[in-house]
Amino acid sequence: MPIGMFSRASSLSIKSLRAHHESGLLVPASIDPRTGYRTYTVDQLADAAVIVRLRALDVSLADVREVLEARDPTITRKVLERHQDVMAGRLAETERIIAELQSAPATATHTPAHVRTDPAEHTLRIRAVVDMTTFDVWIERAFRLLAIAVATSGAERTGPPGALYGEVLDDEPEPVEAFVPIAEPVALTRASEVGVGELPQRTVAVLVHAGRYDTLMDTYRSLGAWVARHAEHAGERVRERYVVSAADTADSAAWRTEIAWPIVDPVSPGTARSNP
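Residues numbered from 1 in each chain as written. Predicted model: local features only at pLDDT ≥ 70, side-chain atom pairs only at ≥ 80, totals over all residues. Heavy atoms only, no water.

> Any details on the pattern of salt bridges? Residues and values, ideally.
The final tally for this structure, using the stated rule, is 14 salt bridges. One salt bridge in this structure joins Arg 77 and Glu 81, with 3.7 Å as the shortest N-O distance. Pair noted here: Arg 77 and Glu 81 are both in helix H5 (residues 73–81), with a separation of 4 residues, about one helical turn. The exposure class of Arg 77 is partly exposed, given its relative accessible area of 38%. Classification of Glu 81 by relative accessible area gives partly exposed; the value is 38%. One salt bridge in this structure joins Arg 212 and Asp 214, with 3.4 Å as the shortest N-O distance. (Salt bridge = Lys/Arg side-chain N within 4 Å of Asp/Glu carboxyl O. Helix = DSSP H or I, 4+ residues; strand = E, 2+ residues; numbered from the N terminus. Buried < 20%, exposed > 50% of the residue type's maximum accessible area, 1.4 Å probe, protein only.)

> How would you explain unusual backbone geometry if you had to name every residue and give the values?
The residue Ser 11 is not glycine, and still its phi comes out positive at about 70°. By relative accessible area, Ser 11 is classed as partly exposed at 32%. One non-glycine residue, Arg 71, adopts positive backbone phi at about 50°.

> Go over the packing of aromatic side chains, please, and point to the residues and values.
Counted according to the given criterion, the structure contains 6 aromatic pairs. Taking 5.8 Å as the distance between ring centres and 70° as the angle between the ring planes, the aromatic pair formed by Phe 143 and Tyr 242 counts as edge-to-face. With Phe 143 in helix H8 (residues 135–153) and Tyr 242 in strand E10 (residues 238–244), the pair connects residues that are 99 residues apart, well separated along the chain. Centroid distance Tyr 213 to Tyr 242: 6.4 Å. Interplanar angle 80°. Geometry classified as edge-to-face. Residue Tyr 213 is found in the loop between strand E8 (202–210) and helix H9 (216–230), and its partner Tyr 242 is found in strand E10; the two are separated by 29 residues along the sequence. The partly exposed category is assigned to Tyr 213, whose relative accessible area is 34%. Overall, Tyr 242 belongs to the buried group, its relative accessible area being 8%. Every member of this aromatic cluster is reached through a ring pair, and the members are Phe 143, Tyr 213, Tyr 242 and Trp 255. Sitting above the plane of the Tyr 220 ring, Arg 8 keeps its charged end 5.2 Å from the centroid. (Phe/Tyr/Trp six-rings, centres within 6.5 Å; stacked < 30°, edge-to-face > 60°. Lys NZ or Arg CZ within 6 Å of the ring centre and 35° of its normal.)

> Just give me the short version of the side chain of Arg 38, but keep the residues and values in it.
The residue Arg 38 is located in strand E2 (residues 38–39) in this model. In this structure Arg 38 is buried but unpaired, with Glu 22 as the nearest side chain of opposite charge at 4.8 Å. In this structure the side chain of Arg 38 is engaged in a polar contact, spanning 2.9 Å, whose partner is the side chain of His 21. Each residue touching Arg 38, except ones within four places of it in the same chain, is listed here: Met 1, Pro 2, Ile 3, Arg 18, His 21, Pro 28, Ser 30 and Ile 31. (Lys, Arg positive; Asp, Glu negative; His and termini not counted. Polar contact = N/O pair within 3.5 Å; in protein donor to acceptor, adjacent residues only side chain to side chain. Contact = heavy atoms within 4.5 Å.)

> Report on the nonpolar core, specifying residues and quantitative values.
When a protein is soluble and globular, its nonpolar side chains tend to lie buried together. Ranked by internal contacts, the top residues of the largest apolar core, which has 64 residues, are Leu 124, Trp 138 and Trp 261. In terms of residue count, H9 provides more of this core than any other element does, 8 residues in total. Ignoring anything within four residues of it in the chain, the contact list for Trp 138 reads Ile 126, Ala 128, Val 130, Val 176 and Ala 178. (Core = buried A, V, L, I, M, F, W, Y, C linked by side-chain atoms within 4.5 Å.)

> Could you give me a rundown of the packing of helix H3 (residues 44–56) against H9, with the residues and numbers involved?
Following both chains from N to C, one finds H3 and H9 inclined at 165°, their axes separated by 11 Å at the closest point. The angle between H3 and H9 places the two elements in the roughly antiparallel class. Considering how the two elements wind past one another, H3 and H9 form a crossing that is right-handed. Residues Leu 45, Ala 46, Ala 49, Val 52 and Arg 53 of H3 lie in contact with H9, whose contacting residues are Met 217, Asp 218, Arg 221 and Ala 225. Partitioning the contact of H3 with H9 into residue classes produces 6 nonpolar, no polar and 3 charged. (Axes fitted to C-alpha atoms, helices over the stretch in contact; angles between N-to-C directions. Parallel < 35°, antiparallel > 145°, perpendicular 65-115°, else oblique. Left-handed = near helix turned anticlockwise from the far one by under 90°. Nonpolar A, V, L, I, M, F, W, Y, C, P; charged D, E, K, R; others polar.)

> Now, about the environment of His 122: what can you tell me, with residues and values included?
Summarising the element assignment, His 122 is placed in strand E4 (residues 121–130). Residues His 122 and Phe 179 lie 57 residues apart in sequence; the distance between their C-alpha atoms is 9.6 Å. Leaving out residues up to four positions away in the same chain, His 122 has contacts with Val 180, Pro 181, Ile 182, Ala 183, Glu 184, Pro 185, Gly 197 and Glu 198.

Here is the structure:
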């Protein structure tokens, strides 16, 4: 997996991956001696997920390294107990997640991912460069403005709202595009933040995430691993569609988020493929 693809699947920015490489915490599987490009294996997604989860708990890099090097549930418990004041009720759940990630990284068979071709779509869209700490507020406002634009422009909405996400380049704000699909382009007022756009036809690998967004990275990890094994990454923005969201129901168990990863020339599972 090239570093950009690995960053999207693991939720670690390219900047963080480079830093973890330099520190020896997460070393790429290979480095092109001519270009310096880093590539990773699918199995390294497990270590990346451990890093993300432990760092989210403010566990120090030294302790993260201890967990990764030991791969021992007893050591993991000792590290987590040193942080029990900030973990509180999350201790048992975190141990379960880490144990699963270390014992069965990125399962290769029986994946629920499927491939389809999405037709071209017209959209109403809002683009911005967003800090992930304020993302929830931004996207809620964006979809509210898009709903107003649909109502006032006479546009015919043809599906659930969505958003486009590129590679996680660094830890700075990143470009995001929120959209709603519509039947035909419409005229908009010049003062509006909303613009008219288009999603091109693309072949995509799809997984549907059920439930809350705080575990969305697990679905990204599974889908990224599937694409690495069975298809070719197209190098385009990943498409999320919020089929059922908080705008539809307060029951988070009913939420459904569709992740569509653009691919090219999909191949059958088990078919040999060169790594460009």
